[in-house]
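The chain contents come next:
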Amino acid sequence: MDGTKRRGVNNTESLQTNLEVQLEGRKLNLNENEPITSAIYYFCNKRIEREPKETRIINFSVNTFTEFLDTTQFFCDDFNHMWTHAIILELWKTVIDLQIPELIAIIEKKVGRIMCVDNIETIYGMAYLYQSHAIVLQTRIFLQRLYIKADEMHLYCILSFKDFLSIIKDDCIQVESEDIVLRSIFLWAEKQESSGASEDGQQCPKRKVDCNVPCKEENELNENTSELSQLLRASRYGLASIECLRELSKHHLCQKDKEAKLVITEAINYKLDRNTHGYWPPFAYPRSFSDIELVGVLADNNQVSLTYLETSKIETWERLPSCPLHTQIENVTVFDNELYVITSTDNESLIFVFRNRKWKFVIDPSK
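Under an unreviewed UniProt entry, the protein chain has the name BACK domain-containing protein and belongs to Biomphalaria glabrata.

The structure is reproduced here in structure tokens:
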């Protein structure tokens, strides 16, 4: 009995090793992946038991292979062992070649699950080759959510101009500093210059299988300006350090591109201009709301109230201490992150600043 049992196990193992798997007559290169070959063997076990000697090839129909995928999708613990990167990318290529929409959708979900820093360039390249708008979109989202450090700037270089522009415009981009964004832009431009790539060769038209994939409208491109200058304009270049800006201003691409040079010069001037005070132009506006505090100010006759505008809390108004000289408040403004009011009393206008919880007289503009 023991000998029979062992013989049965050996036959099974031999059968799994020699098993050739096909999808609609096309051989799948499973690279002798034992977990997935075993899964296929046991999925088709009844058929193999009926013809144990003759069965060396399993030819899946679309419906049967879809059923097989459904039976294995919940085995998350064995996901990395069964669905290796090589296997999934091989299946992706096969279903694309066979143009099987239902399997394309299933396999591309698995492609999204294996996406990581190590294979992002391969997947992105295949997505453009296969015209998979869904995976291109997932790649953009992946890079938006990835915290990019200085040694990972090259990851942006794989992107097309439109995809890179979309990421830079998004406030959700995760970077150590805006220096990385600007350096990435020049790194991307260098690669485009050396490869002679153009946007015409980077189009990714949507397939029928992608028609139900929601996406933002493509960025409107300005044909009168260079791609480099458009990428710079889309960034928060005013947040970059003065050292980074000065270095990039000497870059050979900046010397060749007047528009790009103008952007960098504008940022340098903003950094050096001491008269900008608390004003934030659009190119210097922080990407994260954690870096700013929104305050609402209300002036009513001679009383000033303020509230901190936080979306997570119900707004409550705080009355500031009154000033004896406030007769009628004419104007309220914020300057250098301090609150100023202009008041009128009789025929005079006075300016006060709220500092250290007290009103301080600043100037009499009539004199």
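Caption draft 1: Here's a closer look at the pattern of salt bridges. Under the criterion given, the structure shown has 6 salt bridges. Its salt-bridge partner being Arg-26, residue Asp-97 comes within 3.0 Å of it at the nearest N-O pair. Taken together, the residues Asp-97 in helix α6 (residues 85-98) and Arg-26 in strand β2 (residues 26-27) connect sequence positions 71 residues apart. Taking relative accessible area as the criterion, Asp-97 reaches 40% and is therefore assigned partly exposed. With a closest N to O distance of 2.8 Å, Arg-233 and Glu-266 form a salt bridge. Separated by 33 residues along the polypeptide, Arg-233 in helix α12 (residues 227-234) and Glu-266 in helix α15 (residues 258-272) bring together distant segments of the chain. On the basis of relative accessibility, which here comes to 30%, the residue Glu-266 falls in the partly exposed class. Salt bridges linked by common partners bring Arg-26, Lys-93 and Asp-97 together as one network.

Caption draft 2: Spatial organisation of unusual backbone geometry. Look at Glu-24: it is not a glycine, yet its phi comes out positive at around 50°. Counting through the fold element by element, Glu-24 comes out in the loop between β1 (20-23) and β2. Given the relative accessible area of 43%, Glu-24 is considered partly exposed. With a phi angle near 55°, Gln-99 is a residue other than glycine that sits in the positive phi range. Among the structural elements, Gln-99 can be located in the loop between α6 and α7 (101-114). Residue classification places Gln-99 among the exposed positions, given a relative accessible area of 57%.

Caption draft 3: Local environment of the nonpolar core. Ranked by internal contacts, the top residues of the largest apolar core, which has 83 residues, are Ile-40, Phe-60, Phe-65, Phe-68, Trp-92, Tyr-156 and Leu-232. Looking at which domains feed residues into this core, each of domain 1 (17-147) and domain 2 (149-193 + 223-291) gives three or more. If we ignore the near neighbours within four places in the chain, the residues touching Phe-65 are Leu-23, Leu-28, Phe-60, Leu-91 and Leu-103. Ile-329, Leu-339, Leu-350 and Trp-359 belong to the second-largest nonpolar core, a separate cluster that totals 11 residues.

Caption draft 4: Main features of the pairing of β1. Pairing between β1 and strand β3 (residues 57-60): 4 bridges, direction parallel. Across the sheet, the residue bridging to Val-21 is Ile-58, located in β3. Bridge count for β1 against β2 is 2 bridges, and the pairing is antiparallel. Residue pairing for β2: Leu-23 is matched across the bridge by Arg-26. Between β1 and the antiparallel strand that follows it, β2, lie 2 residues; Glu-24 among them carries a positive phi value of about 50°.

Caption draft 5: Structural detail: the packing of helix α11 (residues 178-195) against helix α13 (residues 242-249). Two elements in contact, α11 and α13, have axes whose closest approach is 10 Å; the angle formed by their N-to-C orientations is 15°. By the angle between their directions, the pair α11 and α13 is classed as roughly parallel. For α11 against α13, the interelement crossing comes out left-handed. From α11, Asp-179, Leu-182, Arg-183 and Phe-186 reach across to α13, where they touch Cys-244, Leu-245, Glu-247 and Leu-248. Of the residues in the contact of α11 with α13, the class split is 5 nonpolar, no polar and 3 charged.

Rules used throughout
- All residue numbers here refer to positions counted from 1 along the written sequence of the relevant chain.
- Reporting in this predicted model follows two pLDDT cut-offs: at least 70 for local features of residues, and 80 or more for side-chain atom pairs to be given and counted; totals over whole chains, interfaces and linings ignore these cut-offs and use all residues.
- Side-chain numbers come from the whole structure's heavy atoms, not from hydrogens or water.
- What counts as a salt bridge is simple: a side-chain nitrogen of Lys or Arg found within 4 Å of a carboxyl oxygen of Asp or Glu.
- Secondary structure is summarised from DSSP: a helix means a run of H or I of at least four residues, a strand means a run of E of at least two, and numbering begins at the N terminus for each.
- Remark: exposure states derive from per-residue accessible area (1.4 Å probe, protein chains only) relative to the maximum for the residue type, with buried under 20%, exposed over 50%, and partly exposed in between.
- Buried Ala, Val, Leu, Ile, Met, Phe, Trp, Tyr and Cys residues that are joined via side-chain atoms within 4.5 Å together make up what is termed a nonpolar core.
- Domain extents, as shown, originate in an automatic or database domain assignment.
- Contact criterion: two residues are considered in contact whenever any of their non-hydrogen atoms come within 4.5 Å of each other.
- Strands were regarded as paired on the criterion that DSSP finds at least two bridges between them.
- Axes here mean lines fitted to C-alpha atoms, for a helix over just the part in contact, with angles spanning 0 to 180 degrees between N-to-C directions.
- Throughout, the term roughly parallel applies to angles under 35 degrees, roughly antiparallel to angles over 145, roughly perpendicular to angles from 65 to 115, and oblique to all others.
- By definition, any crossing whose near helix is turned counterclockwise from its far helix by less than a right angle is left-handed, and any crossing with a clockwise turn is right-handed.
- Three residue categories are used. Nonpolar comprises Ala, Val, Leu, Ile, Met, Phe, Trp, Tyr, Cys and Pro, charged comprises Asp, Glu, Lys and Arg, and polar comprises the others, including Gly.

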